[in-house]
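Report on the structure
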Amino acid sequence: MDLFQNPIFSLFVIVALGYMLGSIKIKGVSLDVSAVIFIALLFGHFGVLIPKSIQEFGMILFIFTIGIQAGPGFLDSFKSKGRDLALLTVLLIASAGLVGFVSSYFLGIDAPMVTGLVAGALTSTPGLAAAIEATSELSSIGYGIAYPFGVIGVILFVKLLPKIMRTDMTALDKKIEAEQVNQFPSIATRVLKVENAAVIEQNLKDLKIRTMTGATISRIMHNNDARPPKPTSRLHQGDLIKAVGTTDSLDRLEMLIGPAVDTDLPLKDGYEIEQVLLTNTKLVNETLGSLNLFANYSATSTRVRRAGIEIASSADLKLKFGDKVMIVAPKDEMSQIARLFGNDSKAVSATNFFPIAAGIVLGVLFGKINIALGPNLNFS
């Protein structure tokens with residue numbers, strides 16, 4: 001068809017069909033986005049060609065988006081498991097390279113083809129780009145041959161390994177779920193009655209409740225008047241406080257303050273609870289405690305919702321772009337707090353193309369740097 005002589009049309013037909021194929025699940029297993037390359041192989045077999053410039057542009061976007069996705073957690077992961085992951089990477093590449101060398105030597109396969117086979121077996125698209133630049137287009141053929149086996153092999157390995165190792169996946173799922181709960185424990189609320197003589201007539205600033213227990217007091221009822229706490233708020237015999245935190249932190253707070261009671265503390269007029277959205281980039285990676293909400297606005301942060309997970313507020317919690325922070329504050333202060341956080345829902349969905357363009361430009365320029373490692377070995 002003449003339409004398929006148009007590379008843009010062919011490209012998006014391949015992408016669309018690839019996504020459709022990748023959405024099909026058989027016994028809970030799907031090819032996902034990897035299906036796109038299978039459709040591309042089929043189209044290439046029937047003579048559909050995509051210009052090299054479009055191929056390179058797609059490669060740039062692919063690598064850039066991987067970096068954007070992995071970047072936020074890269075340093076933390078590297079600090080905690082960097083040595084083990086680096087060792088595993090070296091072993092994986094070395095073993096693949098050794099198999100490729102042996103195959104080339106004993107089977108007489110050309111080096112470009114072997115390089116493509118290794119990149120395809122590892123499903124490393126950046127490896128393919130480097131292979132093509134260092135050898136020839138023949139590498140892409142080897143990549144196309146090995147890639148399907150690399151993808152399907154991983155799927156089969158993941159499905160069959162538990163059976164080979166006789167691993168109880170149900171028990172393992174429960175263990176992982178328990179670890180996640182420990183990492184991000186669920187948030188609860190509790191109302192306590194002030195009865196412990198050690199805290200009576202003490203102000204919240206001196207008690208340092210959040211530091212000692214991990215819980216946050218969201219309001220105090222004194223003489224039937226429920227208000228958000230202030231640093232100077234004093235606890236009196238019989239006062240009721242409402243606190244937010246994990247079960248463990250609330251248990252510690254109960255030991256400090258007094259017994260739990262089955263009631264609620266509705267706020268009086270003049271105060272409100274609002275969820276503000278962090279879109280002020282100046283606050284990203286700043287700690288919640290550094291904002292001094294308690295002292296500056298008589299406000300309290302009770303919890304933070306991030307990527308669908310509720311996290312207990314703490315002074316050392318680092319804020320991330322898009323965090324939803326639950327705030328209890330006087331009505332006349334809430335607008336200032338909202339401006340402080342940004343609270344612009346459009347900013348979350350809007351795309352700033354400048355850092356994308358700048359990142360790609362800098363990456364391309366950095367890639368042009370050629371480092372000589374020997375008389376016949378260059379790295380770029």
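Details of the structure are given in the entry above.
Residues numbered from 1 in each chain as written. Predicted model: local features only at pLDDT ≥ 70, side-chain atom pairs only at ≥ 80, totals over all residues. Heavy atoms only, no water.

**Quick look at the sheet that holds strand β7 (residues 309-312)**
Taken together, four strands build an open sheet; the order of strands is β5-β8-β6-β7 and the sheet is antiparallel. The outermost strands of the open sheet, each flanked by one partner alone, are β5 (271-277) and β7. Each strand axis lies, on average, 25° off the axis of its neighbour in the sheet, ignoring direction. Sheet topology places β5 next to strand β8 (residues 324-330); seven bridges connect them, and they run antiparallel. Directly across from leucine 277, in β8, lies its bridge partner lysine 324. (Pairing = 2+ DSSP bridges. Helix = DSSP H or I, 4+ residues; strand = E, 2+ residues; numbered from the N terminus. Axes fitted to C-alpha atoms, helices over the stretch in contact; angles between N-to-C directions.)

**Considerations on the side chain of arginine 219**
Residue placement: arginine 219 occurs in strand β2 (residues 216-222). Here arginine 219 occupies a buried position and makes no salt bridge, while the nearest side chain of opposite charge, aspartate 264, is found at 4.8 Å. In terms of polar contacts, arginine 219 uses its side chain to reach the backbone carbonyl oxygen of leucine 265, at 2.6 Å. Excluding residues that lie within four positions of it along the chain, arginine 219 makes contacts with Arg227, Pro228, Pro229, Leu240, Ile241, Lys242, Leu265, Pro266, Leu267 and Ile273. (Buried < 20%, exposed > 50% of the residue type's maximum accessible area, 1.4 Å probe, protein only. Lys, Arg positive; Asp, Glu negative; His and termini not counted. Salt bridge = Lys/Arg side-chain N within 4 Å of Asp/Glu carboxyl O. Polar contact = N/O pair within 3.5 Å; in protein donor to acceptor, adjacent residues only side chain to side chain. Contact = heavy atoms within 4.5 Å.)

**Topic: the sheet that holds strand β1 (residues 188-193)**
Sheet architecture is open: four strands sit in the order β1-β4-β2-β3, paired in antiparallel fashion. Every interior strand has two partners, whereas the edge strands, β1 and β3 (225-227), have only one. Averaged over all neighbouring strand pairs, the angle between strand axes comes to 20°, with direction disregarded. Two strands pair when backbone bridges link them, and β2 and strand β4 (residues 240-245) are joined in this way by five bridges, in the antiparallel orientation. Bridged to threonine 216 within β4 is valine 244. Relative to β1, helix α10 (residues 247-257) is tilted by about 5°, and along the sheet it contacts β1 and β4.

**Topic: the nonpolar core**
Among the nonpolar cores identified, the biggest contains 19 residues, and Leu293, Ile327 and Phe341 are the most heavily contacted of them. Elements that contribute at least two residues to this core include exactly α11 (293-297), β8 and α12 (331-341). Ranked by the residues each element gives to this core, the list is headed by α12, at four residues. Apart from the residues within four sequence positions on either side, phenylalanine 341 is in contact with Val276, Leu277, Leu278, Thr279, Asn280, Leu283, Leu291, Leu293, Leu319 and Val325. (Core = buried A, V, L, I, M, F, W, Y, C linked by side-chain atoms within 4.5 Å.)

**With respect to the pattern of salt bridges**
Within this structure, the stated rule accounts for five salt bridges. Here arginine 190 and aspartate 251 are joined by a salt bridge, their closest N and O atoms 2.9 Å apart. Of the two residues, arginine 190 sits in strand β1 while aspartate 251 sits in helix α10, which places them 61 residues apart along the sequence. The structure contains a network of salt bridges with shared partners spanning Arg190, Asp251 and Glu254.

**Re the packing of helix α5 (residues 125-134) against helix α6 (residues 138-164)**
Relative to each other, α5 and α6 sit at 155°, their axes nearing to 8 Å. Classified by the angle between their axes, α5 and α6 sit roughly antiparallel to one another. When you trace α5 past α6, the crossing you get is right-handed. Residues Thr125, Leu128, Ala131 and Ile132 of α5 pack against Ser139, Ser140 and Tyr143 of α6. The residue makeup of the contact of α5 with α6, split by class, is four nonpolar, three polar and no charged. (Parallel < 35°, antiparallel > 145°, perpendicular 65-115°, else oblique. Left-handed = near helix turned anticlockwise from the far one by under 90°. Nonpolar A, V, L, I, M, F, W, Y, C, P; charged D, E, K, R; others polar.)

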